[in-house]
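Here are the chains, one letter per residue:
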Amino acid sequence: MLNMTWEFKLEPTEAQVSGIEDILDVCRNVWNFALRERKDWLDSRKSPVNACSIRQEFILPADASFPSYARQCKSLTAAKADFPRLKTVNAQVLQQVIRKLEASWESWRLKRSGLPRFKQPRRMRSFAFPQMLKNCVTPDGIKLPQLGLVKVRWSRDIPDLFEVKQARIVRKASGYFVMLSLQAEVDVPAAVPHGHPVGIDVGLEYFLSTSDGEQVKRPRFFDRLHRKLKLLQRRLKTKQKGSANWLKLQQKIGRVHQRIADHRKDWHFKLAHHLCDGAGMIFVEDLDFRIMAKGMLGKHMLDAGLGQFTNQILPWVCFKRDVYYGKVDPRGTSQECPDCEVEVRKTLSTRIHHCHNCGSIKPRDVAAAQVINTRGQRGIETACGVDAAGAEVTRSSWLALKQEIFGATQGITTHIA
Ligand SMILES: [Zn+2]
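Naming follows an unreviewed UniProt entry, where the chain appears as Transposase of Petrachloros mirabilis ULC683. Its UniProt record gives the chain the following Sequence similarities (unreviewed entry) comment, quoted word for word: "In the C-terminal section; belongs to the transposase 35 family."

Trainee: Is there a simple way to think about the overall build of the chain in this case?
Mentor: Helix and strand content of the chain: 11 helices and 13 strands. Here the chain, with 417 residues, has 24% of them falling under the buried criterion.

Trainee: Whenever I open this one, the sheet that holds strand β6 (residues 175-184) confuses me. Can you help?
Mentor: Backbone-to-backbone hydrogen bonds join strands into a sheet, with any given pair of strands oriented parallel or antiparallel. Strand order in this open sheet of 6 strands is β2-β5-β6-β1-β4-β3, and the pairing throughout is antiparallel. Every interior strand has two partners, whereas the edge strands, β2 (126-129) and β3 (141-144), have only one. On average, each strand axis in the sheet is tilted by 35° relative to the strand beside it, whichever way the strands run. As defined by bridge partners, strand β1 (residues 2-11) adjoins β6 across 8 bridges and the pair is classed as antiparallel. Across the sheet, F8 pairs through a bridge with V178, a residue of β6. Strand contacts of helix α1 (residues 14-44): β2, β4 (148-153), β5 (163-172) and β6, with the helix running at about 95° to β2, the strand carrying the most contacts.

Trainee: How should the packing of helix α5 (residues 244-276) against helix α8 (residues 306-321) be read in this particular structure?
Mentor: Packed helix pairs are specified by the crossing angle of their axes together with the interaxial distance, meaning the distance between the axes. Between α5 and α8, the shortest axis-to-axis distance is 9 Å and the interhelical angle comes to 50°. The orientation of α5 relative to α8 falls into the category oblique. Remark: the crossing between α5 and α8 carries right-handed chirality. Packed against α5, whose contacting residues are H268, F269, A272, H273 and C276, the element α8 presents Q308, F309, I313, L314, V317, C318 and R321 at the interface. Along the lines of polarity and charge, the residues of the contact of α5 with α8 split into 8 nonpolar, 3 polar and 1 charged.

Trainee: What's the story with the pairing of β3 in this structure? I'm lost.
Mentor: Each regular strand carries side chains that alternate between the two faces of the sheet. Two elements, β3 and β4, share 4 bridges in a ladder whose sense is antiparallel. Each bridged residue has a counterpart across the sheet, and for L144 the counterpart in β4 is G148. Connecting β3 to the next strand, β4, in antiparallel fashion are 3 residues, including Q146 with a positive phi near 75°.

Trainee: Is there a simple way to think about the packing of helix α4 (residues 221-236) against α5 in this case?
Mentor: Closest axis-to-axis distance for the α4/α5 pair is 10 Å, and the angle between their directions is 165°. In terms of their interaxial angle, α4 and α5 are classed as roughly antiparallel. In this structure, the crossing between α4 and α5 has a hand that is left-handed. In contact with F221, F222, L225, K228, L229, L232, Q233, R235 and L236 of α4, α5 contributes W246, L249, K252, I253, V256, R259, I260 and H263.

Trainee: Sorry if this is basic, but what is going on with the UniProt feature "domain: Transposase putative helix-turn-helix" (unreviewed entry) in the chain here?
Mentor: As recorded in UniProt, the feature "domain: Transposase putative helix-turn-helix" (unreviewed entry) lies at residues 7-46. Annotation note: span residues 7-46, helix share 78%, strand share 12%, distance between end C-alpha atoms 44 Å.

Trainee: What is the right way to look at unusual backbone geometry in this model?
Mentor: Leaving glycine aside, a negative phi is the common case for residues, and trans is the common case for peptide bonds. Positive phi, close to 70°, is recorded for R122, a residue that is not glycine. Tracing the backbone shows R122 in the loop between α3 (91-109) and β2. Looking at R122, the number of C-beta atoms within 10 Å reads 12, which means it is exposed. Backbone geometry at Q146 places phi at a positive 75°, although glycine is not the residue there.

Trainee: Would you take a moment to explain the nonpolar core for this structure?
Mentor: One broad trend across soluble globular proteins is that nonpolar side chains are buried collectively. By size, the foremost hydrophobic cluster in this structure holds 31 residues, and its most contacted members are C27, V30, W31, V97 and A167. Counting only elements with at least two residues in this core, the list comes to α1, α3, β2, β3, β4, β5 and β6. Top contributing element to this core by residue count: α1, with 9 residues. Contacts of A167, omitting those with residues within four sequence positions, involve A128, F129, M132, I142, L144, V178 and L180. Among the nonpolar cores identified, the runner-up in size contains 28 residues, and L314, V317, V323 and V328 belong to it.

Procedures and definitions
- Residues numbered from 1 in each chain as written.
- Predicted model: local features only at pLDDT ≥ 70, side-chain atom pairs only at ≥ 80, totals over all residues.
- UniProt positions renumbered as here; feature names shortened; annotations may be inferred.
- Helix = DSSP H or I, 4+ residues; strand = E, 2+ residues; numbered from the N terminus.
- Buried ≥ 20, exposed ≤ 12 C-beta atoms within 10 Å, placed from the backbone.
- Pairing = 2+ DSSP bridges.
- Axes fitted to C-alpha atoms, helices over the stretch in contact; angles between N-to-C directions.
- Contact = placed C-beta atoms within 7 Å.
- Parallel < 35°, antiparallel > 145°, perpendicular 65-115°, else oblique.
- Left-handed = near helix turned anticlockwise from the far one by under 90°.
- Nonpolar A, V, L, I, M, F, W, Y, C, P; charged D, E, K, R; others polar.
- Core = buried A, V, L, I, M, F, W, Y, C linked by C-beta atoms within 7 Å.

Structure, rendered in structure tokens:
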């Protein structure tokens, strides 16, 4: 089974825009109510049974059970009798809101993120239709429950193999978008290790360095956009909060933020394709960028979007291009000599790798990338011993399938020929 999400721009009529905004607002209210219920339950369990807190006391029966997803869905249905506004929105859409709350609550419980927050007006940005009709996609647009036929800018064709499973409507600074979850009943195995291996070291001085000695800097246009952003944010202080001019400026800032994100994503994709040209295997470090983002260079880490690149975009492009993608143990990759494997201690400010044992001299990041490359290849050899003979036949058949799905990308065609 193959899943992917494609995003298209919507061109809703004025009535549809107010319909979307209405749904978003009801969803927001459901979110806030459900979150309050959960937080109240939590607060009621804070002080011991035989004592009271000094400030306030939450009175919930001692045997009141936690408002779980199933429970909250049930009470949502019951609440419709008292709140007719809830009936104006598709029931499944509202259940999705609670499902999402459940997910972020769980991720807080497992200490992966912060506690979910209450949403101010216009802070709810998306909702999902979890079930779509068989032929909801038409040349004119997409048939959505409740909203009817909404015009879509079909920037690319959805392959026949795929079925639309879910549609998420998203409000962004530059308009409304639909994210379609597409699913195909095909089995596409992951790429087998083959061809030229490349190790990649990501960092802040250079965005990335490869084991072949290529070093890529962050593009300049980010700085230009960031300057613009700073200017607008400074101007925001002179406006009265909540006034018409303030709102206008806020929207302008939102659009710049989105442009930065779009530019970055586009650049990441192009870079990933560039790396796949001529490579058969790509290895990266298995790093947790969320922890690094908490450190001193946090802002820059987030800004460069290293995590998005190495953990989402690069694996996907590799999959598309039939390049093997592997992760290696990140410990001490920068402290090892790639040529003789002796430990060479370096502080963060030492930018050149100079081995005291074999005398090799190269940029620090390139040396690290070469160590990653060696580790990756060693990992493959121990894991499977590379069984290439039988795999070759099946590979060409599903390469053709990939080509049918994604269109003729450079790498796939050269592999088949
Ligand atoms: Zn050495």
